[in-house]
Amino acid sequence: MSHTQQYAISEYPDVADIYRRLEELVSQPMRQVREERMREYLAYFDKKCVRSKVLTDEAKRFIPGGVQHNLAFNYPFPIAIEKAEGAYLWDVDGNKYIDFLQAGAPIVLGSNYAPVRDKVIELLHSCGPVTGLFHEYELKLAELINRYMPAVEMFRMLGSGTESVMAAIRAARVFTQKKKVIKVGGAYHGWSDSMVFGMHIPGTGRMEATGIPNGATANTQEFYPNDLVALKKRLIANRRAGGTAAVIVEPVGPESGTRPVPFDFNAKVRSLCDEFGALLIFDEVVTGFRLGMGGAQGYFGVKPDITIFGKCVTGGYPMAGGVGGRADVIQCFAAGIGGKTGERAYIGGTLSANPLSCVAGYYALLEMERTNAPVIAGRAGDRLTKGLQGIIKRLKLPFVVYSQGSIVHLETSGVMLLDFKNVDRLLKEMNPRKHMIEEMGAAYMANGIITLAGSRVYTSMADTDAVIDEALRRFEAVFSSIEGV
Ligand SMILES: Cc1ncc(COP(=O)(O)O)c(C=O)c1O
């Protein structure tokens, strides 16, 4: 770990203990909110979220499913947000919530942070959001990222994490002249054709690949989380069949650490990549700047060949994506100038690297550095985690809470931990446990807290001790309404 930078994780979690407790959680019957209390929580939506219901019902006529973002598919119905500021969100019915979604991780400074917004508005007045030509902020942002993450010698900005993963894989294939890409089962790397594979649940391969031809995933492979022996076996088998272009990991573990990795995991994957001539891709879409200005690569002290950015790279402003890394690899995007093979990897995007995204990213990152936001957000995550662990212990609940800085995992149903190692349990329990977290999400929301899918919490710099303590009181109200408490 770099000693010149500070990181959001104050103490690395005891990963073996987390898995033991998660296994205990999924081996016992669910502990849900008592029926009569759940009815009360659901009544909140009918009474207090009337306009949200009208809007999102009407939206179903014009928008498939009524909402456009997976995170917005809330139970019993989506709520429409009107205002965001700091640690809070307000819906269209005027209800105020503590915002632990943070847009799904992009926001570390707190919502709608004025100093960044002011810079964006200034730029909009001078040149508008886009011109199609070069803008100085592209250079400023690329230089800044290189200062925080020296392994990112060159950076190409794109529109999303999904696109950036596509570009990274293309660059790895051009550079290594190999095809196979190995990912960790359960990890999420966006929704491109080749990556809708082994998503969410390890071992599911093409289960969610509806609309994707077999050929598109023919060179994608997965290995079971943390199973380095399985990874090595894949690399050996691939060597006999033309080789591995890249191994791609979320450095804190699949689904932002839902299945956390031991501290030395990334270093070991690095060694295996070196042994087999594969490039190491860090998907830092969530960890990039949330764990610290040096990202997960700085925290773990492991140098990836390619880094993928998203979310925080624009501080929550649109067109958040980018791919960077070794100059000799990333150079392949430069229209054939100076690339190792001279081959060009084609990428594009009309609005990629637009002035608005670049100015937002530049000032968001500078402000995060100036204010030490990742560390402050991490300490808020610690306070919340410790508080939740205390409540759970006191109420003798089997729930599992742990954090990696400002990424807090709150497992009450354990659905994300079901997998093909126990198929009967998976088939029997997946839907009921999934419904349980929907209900937990609704219960939190009825108590004024918005989480990510009822099982993850992102904290930000705006989460003062007072905000966290208020959140803990609200979580305790929900946990007190669990069966058997
Ligand atoms: C680790 C990771 N990679 C890639 C993506 C895809 O990024 P985007 O939603 O910007 O396409 C996400 C999105 O949540 C992510 O968490």
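Residues numbered from 1 in each chain as written. Predicted model: local features only at pLDDT ≥ 70, side-chain atom pairs only at ≥ 80, totals over all residues. Heavy atoms only, no water.

Participant: What am I meant to see in the pairing of strand β7 (residues 244-249) here?
Facilitator: Note on strand geometry: in a regular strand, side chains alternate between the two faces of the sheet. Counting buried positions along β7 yields six of six residues, so the element is predominantly enclosed. Pairing between strand β5 (residues 180-184) and β7: four bridges, direction parallel. Among the inter-strand pairings, Lys180 is bridged to a residue of β7, identified as Thr244. In terms of strand pairing, β7 meets strand β8 (residues 279-283) through four bridges, oriented parallel. In the sheet register, Val249 faces β8, and the bridge partner there is Phe282. (Buried < 20%, exposed > 50% of the residue type's maximum accessible area, 1.4 Å probe, protein only. Helix = DSSP H or I, 4+ residues; strand = E, 2+ residues; numbered from the N terminus. Pairing = 2+ DSSP bridges.)

Participant: Sorry, what's going on with the sheet that holds strand β11 (residues 400-404) here?
Facilitator: Across a sheet, paired strands are connected by hydrogen bonds in the backbone, their directions being either parallel or antiparallel. Taken in spatial order, the three strands make up an open sheet running β11-β12-β14, and their pairing is antiparallel. Two strands close off the open sheet at either side, each with one partner strand: β11 and β14 (456-458). On average, adjacent strands in this sheet sit at an angle of 15° to one another, irrespective of strand direction. Across five bridges, β11 lies against strand β12 (residues 407-411) in antiparallel orientation. Residue pairing for β12: Tyr402 is matched across the bridge by His409. This element, helix α1 (residues 15-27), spans β11 and β12 of the sheet and lies at about 145° to β11. (Axes fitted to C-alpha atoms, helices over the stretch in contact; angles between N-to-C directions. Contact = heavy atoms within 4.5 Å.)

Participant: I would appreciate a short explanation of the pattern of salt bridges in the present structure.
Facilitator: Tallied over the entire structure, the rule returns 27 salt bridges. Of the charged contacts, one joins Arg39 and Glu35 as a salt bridge, the two residues approaching to 3.8 Å between their closest N and O atoms. Linking Arg39 with Glu35, this pair stays in helix α2 (residues 35-48), spanning four residues, or about one helical turn. One connected set of salt bridges, linked through shared partners, spans Arg270, Asp274, Asp305, Arg326 and Asp328. (Salt bridge = Lys/Arg side-chain N within 4 Å of Asp/Glu carboxyl O.)

Participant: What should I look at first to understand the packing of aromatic side chains in this one?
Facilitator: Aromatic ring pairs are defined here through the distance separating the ring centres and the angle between the ring planes. Using the criterion set out here, one finds 21 aromatic pairs in the structure. Between Tyr12 and Phe300, the ring centres sit 5.9 Å apart and the planes meet at 75°, which makes this aromatic pair edge-to-face. With Tyr12 in the segment before α1 and Phe300 in helix α10 (residues 295-300), the pair connects residues that are 288 residues apart, well separated along the chain. Here Tyr12 falls in the buried class, since its relative accessible area comes to 18%. Given the relative accessible area of 6%, Phe300 is considered buried. Here Tyr137 and Tyr362 contribute two aromatic rings whose centre-to-centre distance is 5.7 Å and whose plane-to-plane angle is 45°, an arrangement assigned as tilted. Residue Tyr137 is found in helix α5 (residues 136-148), and its partner Tyr362 is found in helix α12 (residues 355-371); the two are separated by 225 residues along the sequence. Across this residue pair, the class does not change: Tyr137 and Tyr362 are buried. Members of the aromatic cluster, joined through ring pairs, are Tyr7, Tyr12, Phe263, Tyr299 and Phe300. (Phe/Tyr/Trp six-rings, centres within 6.5 Å; stacked < 30°, edge-to-face > 60°.)

Participant: Help me understand the domain arrangement of the chain, please; the structure alone is not making it clear to me.
Facilitator: Accessible area lost upon the coming together of the parts serves often as the stated size of an interface. Taken domain by domain, the chain consists of domain 1 (15-105 + 372-479) and domain 2 (114-370). The gap between the C-alpha centroids of domain 1 and domain 2 is 27 Å. Opposite the 27 residues of domain 1 that make contact, domain 2 presents 28 residues. Of the roughly 2,200 Å² buried between domain 1 and domain 2, counting both surfaces, carbon and sulfur atoms make up 56%. (Domains from an automatic or database assignment. Buried area = accessible area lost by both parts, 1.4 Å probe.)

Participant: Got a minute to help me understand the site of the ligand in this structure?
Facilitator: What surrounds the ligand is the set Ser160, Gly161, Thr162, Tyr188, His189, Gly190, Glu250, Asp283, Val285, Val286 and Lys311. A distance of 2.8 Å separates an oxygen atom of the ligand from a polar atom in the backbone of Gly161. Here an oxygen atom of the ligand and a side-chain polar atom of Lys311 are 2.9 Å apart. (Near = heavy atom within 4 Å. Polar contact = N/O pair within 3.5 Å; in protein donor to acceptor, adjacent residues only side chain to side chain.)

Participant: Even after reading the chapter, I still don't get the sheet that holds β8, so can you show me in this structure?
Facilitator: Here we have seven strands laid out as an open sheet, ordered β4-β10-β9-β8-β7-β5-β6, and mixed in their pairing. Every other strand in the sheet has two partners, leaving β4 (154-158) and β6 (220-223) as the edge strands with one partner each. With strand direction ignored, the average angle separating the axes of adjacent strands in the sheet is 20°. Bridge analysis of β8 against strand β9 (residues 306-310) gives three bridges, and the strand direction is parallel. Pairing of Phe282 across the sheet is with Thr307, part of β9.

Participant: Help me understand a nonpolar patch on the surface, please; the structure alone is not making it clear to me.
Facilitator: Side chains of Met207, Phe420, Val423 and Leu427 sit close together on the surface and give an oily, nonpolar patch of about 390 Å² of accessible area. Among the secondary structure elements, Phe420 is positioned in the loop between β12 and α14 (423-446). We classify Phe420 as partly exposed; its relative accessible area is 36%. (Patch = residues over 30% accessible without salt bridge, like charges linked within 9 Å, V, L, I, M, F, W, Y side chains within 5 Å. Areas by Shrake-Rupley, 256 points an atom, 1.4 Å probe, with all protein chains shown as cover.)

Participant: So what exactly am I meant to see when it comes to unusual backbone geometry here?
Facilitator: Phi is mostly negative for residues that are not glycine, and the peptide bonds are mostly trans. Backbone torsion omega between Tyr75 and Pro76 reads 0°, so that peptide bond is classified as cis. Phi is positive for Met319, close to 65°, though the residue is something other than glycine. Along the chain, Met319 falls in the loop between β9 and β10 (321-325). Taking relative accessible area as the criterion, Met319 reaches 25% and is therefore assigned partly exposed.

Participant: Honestly, α1 in this entry has me stumped. Any pointers?
Facilitator: The α-helix advances 3.6 residues per turn, and as a result positions three or four apart in sequence lie on the same side. Compared with the 18 Å implied by 1.5 Å per residue over 13 residues, the 18 Å span of α1 between its first and last C-alpha is a close match. Listed as buried for α1 are Val15, Ile18, Leu22, Leu25 and Val26. For α1, the angular spread of the buried residues around the axis is 85°, confining them to a single face. (Expected span 1.5 Å × (residues − 1). Arc of directions from axis to C-beta.)

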